[in-house]
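Listed below are the residues making up each chain.
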Protein chains: 2
Amino acid sequence: MIFFQLKLRKTWERFQLHLPQFKTYSIKELSIFKNTVKFAKVELAFFAVPTDNFYSKKLTMRHQTTIKDIAKELHISKSTVSRVLTGNPNVNEETRKAVLALAQKLDYQKNIFARNLVTHKTNTIGIIVPEFMSSYFPKVIIGVQNIASKAGYNTIIAQSNENYETEVANAKVMMANQVEGLIVSVTKETNNFDHLIAFQRKEIPIVFFNRICEDMHVPKVVVDDYDGAFRAVEHLIVTGKKRIAHLAGPDNLSISRRRLNGYLAALRKYKIPVDEEIIIPYDLKIDKVKTLIQQLFNLKCPPDALFAINDPTAIEAIQVIKSMGIKIPEDIAIVGFSNDEVSGLIEPSLTTISQPVQKIGETAADLIFKLINKEINPNSAIIKTLTTELIIRHSTVR
Amino acid sequence: MIFFQLKLRKTWERFQLHLPQFKTYSIKELSIFKNTVKFAKVELAFFAVPTDNFYSKKLTMRHQTTIKDIAKELHISKSTVSRVLTGNPNVNEETRKAVLALAQKLDYQKNIFARNLVTHKTNTIGIIVPEFMSSYFPKVIIGVQNIASKAGYNTIIAQSNENYETEVANAKVMMANQVEGLIVSVTKETNNFDHLIAFQRKEIPIVFFNRICEDMHVPKVVVDDYDGAFRAVEHLIVTGKKRIAHLAGPDNLSISRRRLNGYLAALRKYKIPVDEEIIIPYDLKIDKVKTLIQQLFNLKCPPDALFAINDPTAIEAIQVIKSMGIKIPEDIAIVGFSNDEVSGLIEPSLTTISQPVQKIGETAADLIFKLINKEINPNSAIIKTLTTELIIRHSTVR
DNA sequence: CTGTTAGCGCTTTCAC
DNA sequence: GTGAAAGCGCTAACAG
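Note that this is a predicted model, so its numbers are computed, not measured. (Residues numbered from 1 in each chain as written. Chains lettered and ligands numbered in written order. Predicted model: local features only at pLDDT ≥ 70, side-chain atom pairs only at ≥ 80, totals over all residues. Heavy atoms only, no water.)

## Considering the overall build of chain A
Regarding its fold elements, chain A presents 13 helices and 16 strands. With 398 residues in all, chain A has 52% of them scored as buried. Long-range pairs, those at least 24 residues apart, make up 68% of the contacts in chain A with a sequence separation of at least 6. Carbon and sulfur atoms make up 52% of the accessible area of chain A, which amounts to about 18900 Å² in all. (Helix = DSSP H or I, 4+ residues; strand = E, 2+ residues; numbered from the N terminus. Buried < 20%, exposed > 50% of the residue type's maximum accessible area, 1.4 Å probe, protein only. Contact = heavy atoms within 4.5 Å. Areas by Shrake-Rupley, 256 points an atom, 1.4 Å probe, with all protein chains shown as cover.)

Okay, structure coming up:
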């Protein structure tokens, strides 16, 4: 048998109950209320606290302060409190101060759900990335958050794990949370964009980066993959390589196509014949690299250089090639793309193309806010192209 | 002068206005409404679209379907629709089907803000991590999301960038979003825990992992740092090393203390004297490593092995030591802690202690849900300790 | 099984 | 400058 007190609406009532367990009870479990109180739906969650003395203790309550509380305390109306809290200038200076002081004192926290419900504003943007195992996407996110927090916006992050269904689910979550803008880099599986087109239909701004959907008429942030690839391959050529293989990414990613084009352009410029045999289609699944590399070396005329679609691939290639006892860069030179953390650490260190990763995030976020503020037309398919840099290391020159 | 049509509530009305610019206008700017429409607060945002023919075009509207729409359409009450949508069994099968079908057809999406407002449930948990540049925290997050999504919960992710103020701000965001539980690994700067104690006060479950606050009486998930460190050092000893240095982490992180204790215990077991001179305090700032290593080698009697507090530190140490022309592992053997991605790739590959990273996330999430469901007492400071594994590579044996 | 009703906490007219 | 009142979209108690 436990004695306890409970605050209903305004007044403390006393109850006496047999409660088998010391825990939080739901209103349903406390059938006593049905007999005692008109409004069974009490506005406070509560704990039953055992007391020796019937009158001795107040209960632990969890009650978020609301504008109503403040209004009541100050004998003013909810509206006035709301005005103060939303920065409406039409408020008496004294009242304003009093409200602010009391809000502080009562640790008032605005209920964002209530606010969102009425204003239809959420001050939230979303970002969906395919993974964050490599340092690329995390850095982008940091860039996005920098800009977003300056704008007073929160960022919800979701990662799709390179899985299309997860991406769709994430998009739903973003929708449900009514993000005001969405920054996306799609998975390598994504060919259907309905889940993103839904945002366009609702006029929620979208910005793509890195893995973009070319068919959607929205702003995009990319690096100059073509130029990066061109310079990577050019570097291989000028260091004396004649037969340059390419591990090419999946065709549905425009990033793969642009890098492939850069590769082809460099060959063309230096009048090196293109050999389809050493342009290897590759699905970005790292465990395939071993077979593909072995395949390359089984050719009658194996390559003397390799341009890999990205760093993880190049790094895996280096491991494989080293284990085959082939010398890098003498027998085969290798170039990657993105300048991952690891690239400078492995042996030999990897020549690669670095991209301004954080800047990518910042640029994407900038675009989103310009779209949110209607500073640019949502249908203008602006493409911001950031520049890359060739980092020469020991996988191409001793 | 622009002609346009606008849908108010149910019917299309026609208006004619001079709008200086082609953009979205707020209701305030369109003073015409005051004269024309009873409810100036239209439930639709709208665009003014220029049309040649007055009647030619419908406007782009954004209107989220609500249960009211469904109810009206089906000539039933909101409550019934709500019952269907919340899975209340007391609904006629036919009605249920009709509602579901219409919801589908109208692309109905529940407004979570409205629901949260009334139910005081958000189906959301939060996770705050210090960074996600290394693969550790991202993997933990994947583990957390696995469990959370199975429980039908969303996860809000925040990263504090190893910055105390950001962590506090993140905690505020979590509070504002009314997460039902919070998983935290604090920054290396965090010494004040008020922002987290606030959650305890509101009875929102907290679980710590990795970087824990020992003083807070809440569940924690850690790996057996003591044992891991012990085995790392033991391995150095049995491979013949006699003078083992330790780059120790900051004292305020219990993780540092536990690893240090493991180190000391191993020395004790093998009767190797402890020399404070080679136990180097280090603040986890990677750029300090160089100086500290040089300092070690300037000693009269430099160490022949190094146990670094974590992998990034060990990896940096390897770079520095290699550049000094000192041989690893002959002159100095090195062990790290965590088995980061890079560890297996660098030259020489790093001997290290691996932790079940994803499992850590899953365990933490499990605990959170047990707490949310009151299956365990929130004040029971359960500590789940997961086991580690010694991964022997070439930085300790040739 | 269903409709009526009240209300979550907030913003925003409108009238004074 | 301020208060009253309506309503955002939803759930839940209650009465049939």
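## Re the packing of helix 11 (residues 289-297) of chain A against helix 12 (residues 311-323) of chain A
Residues and elements named next belong to chain A. Viewed as axis vectors pointing N to C, helix 11 and helix 12 meet at an angle of 60°, and their least axial separation amounts to 9 Å. With respect to each other, helix 11 and helix 12 are oriented oblique. As helix 11 packs across helix 12, the resulting crossing turns out to be right-handed. On the side of helix 11, the interface is formed by Val289, Lys290, Ile293 and Phe297, while helix 12 contributes Thr313, Glu316, Ala317, Val320 and Ile321. (Axes fitted to C-alpha atoms, helices over the stretch in contact; angles between N-to-C directions. Parallel < 35°, antiparallel > 145°, perpendicular 65-115°, else oblique. Left-handed = near helix turned anticlockwise from the far one by under 90°.)

## Quick word on a nonpolar patch on the surface
A cluster of nonpolar residues, A:Leu117, A:Val118, B:Leu117 and B:Val118, forms a patch on the protein surface that exposes about 320 Å² of accessible area. Among the elements of the structure, helix 5 (112-119) of chain A together with helix 5 (112-119) of chain B are those that each provide at least two residues to the nonpolar patch. Locating B:Val118 in the fold gives a position in helix 5. On the basis of relative accessibility, which here comes to 57%, the residue B:Val118 falls in the exposed class. (Patch = residues over 30% accessible without salt bridge, like charges linked within 9 Å, V, L, I, M, F, W, Y side chains within 5 Å. Salt bridge = Lys/Arg side-chain N within 4 Å of Asp/Glu carboxyl O.)

## Side note on the sheet that holds strand 11 (residues 279-281) of chain B
Residues and elements named next belong to chain B. Taking strand neighbours across the sheet as the criterion, the four strands line up as 11-10-12-13 in an open arrangement whose pairing is parallel. Every other strand in the sheet has two partners, leaving strand 11 and strand 13 (333-335) as the edge strands with one partner each. In this sheet, adjacent strand axes meet at a mean angle of 15° when their direction is disregarded. Two strands pair when backbone bridges link them, and strand 10 (residues 244-248) and strand 11 are joined in this way by three bridges, in the parallel orientation. Pairing of His246 across the sheet is with Ile279, part of strand 11. Against the sheet, helix 10 (residues 254-269) touches strand 10, strand 11 and strand 12 (305-308), its axis set at about 170° to strand 10. Strand contacts of helix 11 (residues 289-297): strand 10, strand 11 and strand 12, with the helix running at about 150° to strand 11, the strand carrying the most contacts. (Pairing = 2+ DSSP bridges.)

## What about the protein's contact with DNA strand C?
Around DNA strand C, 30 residues are found, and the nearest of them are A:Lys78, A:Tyr108, B:Ser79, B:Thr80 and B:Arg83. Considering DNA strand C, the proportion of its atoms within 4 Å of the protein that are sugar or phosphate atoms stands at 60%. A distance of 3.3 Å separates a base nitrogen of DNA strand C from a polar backbone atom of A:Ala114. Sorting the residues of the surface near DNA strand C by element identifies helix 3 (78-86) and helix 5 of chain A together with helix 3 (78-86) and helix 5 of chain B as the ones contributing at least two each. At five residues, the largest contribution of residues to the surface near DNA strand C is made by helix 3 of chain A. (Near = heavy atom within 4 Å. Polar contact = N/O pair within 3.5 Å; in protein donor to acceptor, adjacent residues only side chain to side chain.)

## Notes on the confidence of the model for chain A
Residues at a pLDDT of 70 or more form 84% of chain A, whose mean pLDDT is 85. Per-element confidence in chain A ranges from a low mean pLDDT of 36 for strand 3 (residues 45-46) of chain A to a high of 98 for strand 13 (residues 333-335) of chain A. (pLDDT = per-residue confidence, 0-100.)

## A look at the nonpolar core
The nonpolar side chains of a soluble globular protein tend to be buried, and buried together. Among the nonpolar cores identified, the biggest contains 162 residues, and A:Phe209, A:Phe307 and B:Phe209 are the most heavily contacted of them. Judged by nonpolar contacts, the second largest core, of 44 residues, contains A:Ala171, B:Ile128, B:Leu182 and B:Phe199. (Core = buried A, V, L, I, M, F, W, Y, C linked by side-chain atoms within 4.5 Å.)

## Regarding the relation of the copies chain A and chain B
Relative to chain B, chain A is turned by 180° and slid 0.1 Å along the rotation axis, the superposed coordinates differing by an RMSD of 0.2 Å. This pairing of chains is accounted for by a two-fold axis. (Least-squares fit on C-alpha atoms with pLDDT ≥ 70 in both.)

## With respect to helix 4 (residues 93-105) of chain A
Residues and elements named next belong to chain A. Helix length check: helix 4, at 13 residues, gives a terminal C-alpha distance of 18 Å against a target of 18 Å (1.5 Å per residue), a fit within 8%. Considered for burial, the residues of helix 4 that qualify are Arg96, Val99, Leu102 and Ala103. Angular distribution of buried residues about the axis of helix 4 spans 140°; they occupy a single face of the element. Pointing more than 90 degrees away from the buried face of helix 4 are the exposed residues Glu94, Lys97, Gln104 and Lys105. Its side-chain oxygen placed 2.8 Å from the backbone nitrogen of Glu94, Asn92 serves as the N-cap of helix 4. Among the residues trailing helix 4, Asp107 stands out with phi positive, at a value near 55°. (Expected span 1.5 Å × (residues − 1). Arc of directions from axis to C-beta.)

## A word on the protein's contact with DNA strand D
Residues in contact with DNA strand D amount to 27 residues; listed here are only the nearest, A:Thr80, A:Arg83, B:Ile67, B:Lys78 and B:Tyr108. When atoms of DNA strand D within 4 Å of the protein are sorted by moiety, sugar and phosphate together comprise 60%. Between A:Thr95 and DNA strand D, the recorded distance is 3.1 Å, taken from a side-chain N or O atom to a phosphate oxygen. One of the backbone N or O atoms of B:Ala114 is found 3.3 Å from a base nitrogen in DNA strand D. At the level of secondary structure, the elements contributing two or more residues to the surface near DNA strand D comprise helix 3 and helix 5 of chain A together with helix 3 and helix 5 of chain B. With five residues, the top contributor of residues to the surface near DNA strand D is helix 3 of chain B. Residues that form the surface near DNA strand D fall into these classes: nine nonpolar, 13 polar and five charged. (Nonpolar A, V, L, I, M, F, W, Y, C, P; charged D, E, K, R; others polar.)

## A word on the environment of A:Val84
Residue and element names in this part refer to chain A. Tracing the sequence through the fold places Val84 in helix 3. A relative accessible area of 6% means that Val84 is categorised as buried. If near-sequence neighbours (up to four positions away) are discounted, Val84 is found in contact with Val91, Arg96, Val99 and Leu100.

## Description of unusual backbone geometry
Here A:Glu347 and A:Pro348 are connected by a cis peptide whose omega angle stands at -10°. Along the polypeptide, A:Pro348 turns up in the loop between strand 13 and strand 14 (352-354). The step from B:Ile328 to B:Pro329 runs through a cis peptide bond, and the omega angle for that step is 5°. Phi angles above zero are rare outside glycine, and A:Gln178 is one such case at about 50°. On the accessibility criterion, A:Gln178 (22% relative accessible area) is partly exposed.

## Describing the interface of chain A and chain B
Contacts between chain A and chain B engage 43 residues on the former and 43 residues on the latter. Of the roughly 4200 Å² buried between chain A and chain B on both sides combined, carbon and sulfur atoms contribute 58%. Connecting chain A to chain B are two salt bridges. Salt-bridge contacts for B:Lys322 lead to A:Glu347; the nearest nitrogen and oxygen are separated by 3.5 Å. For the pair chain A and chain B, the interface holds two residue pairs in polar contact (both at pLDDT 80 or more). When the residues that make up the side of chain A that touches chain B are grouped by side-chain class, the tally is 19 nonpolar, 15 polar and nine charged. (Buried area = accessible area lost by both parts, 1.4 Å probe.)

## Quick word on the pairing of strand 9 (residues 220-223) of chain A
All names here are of chain A. Burial of the side chains of strand 9 extends over both faces: Lys220 and Val222 are buried on one face and Val221 and Val223 on the other. In this structure, strand 8 (residues 206-209) lies alongside strand 9, joined through two bridges in parallel fashion. The partner of Phe208 across the bridge, within strand 9, is Lys220.

## A few points about the pattern of salt bridges
Once their charged atoms are close, side chains differing in charge can pair, the charge on each being opposite to the other. Residues and elements named next belong to chain B. Inspection of the entire model under this criterion finds 28 salt bridges over all chains. Of the charged contacts in the structure, one is a salt bridge between Glu180 and Lys121, with a shortest N-O distance of 3.2 Å. Of the two residues, Glu180 is situated in the loop between helix 7 (164-176) and strand 7 (181-184) and Lys121 in the loop between helix 5 and strand 5 (124-129); the sequence distance between them amounts to 59 residues.

## A look at the side chain of A:Thr155
Mapped onto the secondary structure, A:Thr155 falls in strand 6 (residues 154-159). What A:Thr155 contacts, discounting residues up to four positions off in sequence, is A:Ile125, A:Ile127, A:Val144, A:Gln145 and A:Ala148.

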